[in-house]
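Here are the chains, one letter per residue:
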Amino acid sequence: LERLPRTLLLVTTAFIVTAIVGLWIGINIATKAGSTTDRMVATISAISFALPTWWVGIILILFLSINLHIFPSGGMYSIPPPEAGLERFLDLLKHSILPVLTLVLVSVGPYIYSVRTMTLNIAQEDFVSVARAKGLPNNLIMRRHILRAAAPPIVTSLTLSLIGSLGGSILVETVFNWQGMGRLYFEAISVMDLPVIIGSTYVLTVLFLISIFIADLLYGYFDPRVRTGHE
């Protein structure tokens, strides 16, 4: 109960940033397939997908913390920690920037390319061509025809990114000494504390199942063909 909200703070924040950036860039480059921008984003996405989470965290610490002294290198609060209130919240926010940035960098690339690919495939369907032949505005076609049809696989991809972030938080929290579930898991493994290991595994598994369950619900909402009921 003490550590889980700290992990969710990192994962949820990174999840929101990844979703916003991935959707915005992915949808925009889908309309420019084959362009220089498209190829450049594809290359960056491949690099992002291949980056190890722990390595990105260490590189960010070396450049932004040790060399440039912009952000703290780890922990959740300064030493000594500020008193309760706005100052304490801002200190927590400052310490969370680097771990959140690490999670975003390793997840946003593949998500951008997934959104781009799924949006581009839908844009080539016959019903989209019919909508363009009717003279409908491009914004309307994109919003009501392309995005609506591409929403189910996009939601699934985003959910899988969330699940990957939950697993990656173990490495991120260890690198940045963030006192969340991941750090607790690492400390328990170091001393072979089996009850904590089993409990942490159980909690992470439940979070995975909840994420998949939410994805199934959203899938049925966006795609009218996916329905269950009594015959």
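This section reports on the structure supplied with the text. Here the structure is a predicted model, which is why all the values come from computation and not from measurement. (Residues numbered from 1 in each chain as written. Predicted model: local features only at pLDDT ≥ 70, side-chain atom pairs only at ≥ 80, totals over all residues. Heavy atoms only, no water.)

1. Comments concerning the overall build of the chain
Rule in force here: What counts as a helix is a DSSP run of H or I of at least four residues, what counts as a strand is a run of E of at least two, and both are numbered from the N terminus. A 1.4 Å probe rolled over the protein chains alone gives each residue an accessible area, and that area as a share of the maximum for its type sets the label: buried under 20%, exposed over 50%, partly exposed in between. Residue contacts are defined here by distance: any two heavy atoms, one from each residue, within 4.5 Å place the two residues in contact. For accessible areas, the Shrake-Rupley method is used with a probe of radius 1.4 Å. Any residue's cover is judged against the shown protein chains and nothing else. Charge convention: Lys and Arg are scored as positive, Asp and Glu as negative, and His as well as the terminal groups of each chain are ignored. Positions of charges follow a simple convention, taking NZ of Lys, CZ of Arg, CG of Asp or CD of Glu.
Helix and strand content of the chain: eight helices and zero strands. Helices and strands in the chain line up, N terminus first, as α-α-α-α-α-α-α-α. Dimensions of the chain, computed from C-alpha atoms along their principal axes, come out at roughly 65 × 50 × 35 Å. Burial statistics for the chain: of 231 residues in total, 39% are counted as buried. Look at the contacts in the chain between residues 6 or more apart in sequence, and 71% of them connect residues 24 or more apart. For the chain, the computed accessible surface area is about 13,500 Å², with 69% contributed by carbon and sulfur atoms. In the chain, 15 side chains carry a positive charge and 13 a negative one; their mean positions are 12 Å apart.

2. Observations regarding unusual backbone geometry
The step from Ile79 to Pro80 runs through a cis peptide bond, and the omega angle for that step is 0 degrees. Relative to the helices and strands, Pro80 is located in the loop between helix H3 (53-67) and helix H4 (86-123). Unlike most non-glycine residues, His69 shows phi in positive territory, near 55 degrees. Counting through the fold element by element, His69 comes out in the loop between H3 and H4. For His69, a relative accessible area of 63% puts it in the exposed group. Here Met192, not a glycine, exhibits a phi torsion of approximately 55 degrees, which is positive. Tracing the chain through its elements places Met192 in the loop between helix H7 (181-190) and helix H8 (194-222).

3. Some words on the packing of aromatic side chains
Going by this rule: Only Phe, Tyr and Trp rings are paired, with Trp represented by its six-membered ring, and only when their centres lie within 6.5 Å; those with planes under 30 degrees apart are stacked, over 60 edge-to-face, the remainder tilted. Any Lys NZ or Arg CZ that is within 6 Å of a ring centre and within 35 degrees of that ring's normal is treated as a charge sitting over the ring.
Within the structure shown, the criterion is met by zero aromatic pairs. Lying over the aromatic face of Tyr77, Arg88 brings its terminal NZ or CZ to 4.1 Å of the ring centre.

4. Let's talk about a nonpolar patch on the surface
Heads up, the rule is: In this scheme, patches are assembled from residues that exceed 30% relative accessible area and form no salt bridge. Like charges are connected within 9 Å, while nonpolar side chains (Val, Leu, Ile, Met, Phe, Trp, Tyr) are connected within 5 Å. Salt bridge, as used here: a side-chain nitrogen of Lys or Arg that lies within 4 Å of a carboxyl oxygen of Asp or Glu.
Taken together, the side chains of Trp54, Trp55, Ile58, Leu62, Phe63, Ile66 and Leu171 define a hydrophobic patch exposed on the protein surface, amounting to about 670 Å² of accessible area. Sorting elements by how many residues they give to the nonpolar patch places H3 first, with six residues. On the secondary structure map, Phe63 appears in helix H3.

5. Brief notes about helix H2 (residues 36-50)
Put simply, the rule reads: Multiply 1.5 Å by the residue count of a helix minus one, and that product is the helix's expected span. This arc is taken over the directions from the axis of the helix to the C-beta atoms.
Spanning 15 residues, H2 covers 22 Å between terminal C-alpha atoms, matching the ideal 21 Å at 1.5 Å per step. Listed as buried for H2 are Asp38, Val41, Ser45 and Ser48. In a view along the axis of H2, the buried residues occupy a sector of 85 degrees, so they form one face of it. Exposed residues pointing more than 90 degrees away from the buried face of H2 are listed as Thr36, Arg39 and Ala50. Where H2 is buried, its residues contact helix H1 (4-30) and H4.

6. A word on the packing of H1 against H4
The criterion, for reference: In this description, a line fitted to the C-alpha atoms serves as the axis of each element, helices being fitted only across the stretch in contact, and the angle between N-to-C directions of two axes falls anywhere from 0 to 180 degrees. Crossings are sorted by hand: turned counterclockwise from the far helix by less than a right angle, the near helix makes the crossing left-handed, and turned clockwise it makes it right-handed. Note that Gly is not counted as nonpolar here; it falls among the polar residues with everything else outside the nonpolar set of Ala, Val, Leu, Ile, Met, Phe, Trp, Tyr, Cys and Pro and the charged set of Asp, Glu, Lys and Arg.
Relative orientation of the contacting elements H1 and H4 amounts to 35 degrees, with a least axis distance of 6 Å. Handedness of the H1/H4 crossing: right-handed. The class makeup of the residues in the contact of H1 with H4 is 22 nonpolar, seven polar and one charged.

7. Here we look at the side chain of Asp38
The residue Asp38 is located in helix H2 in this model. In this structure Asp38 touches Ile29, Lys32, Ala33 and Arg116, once residues within four positions along its chain are discounted.

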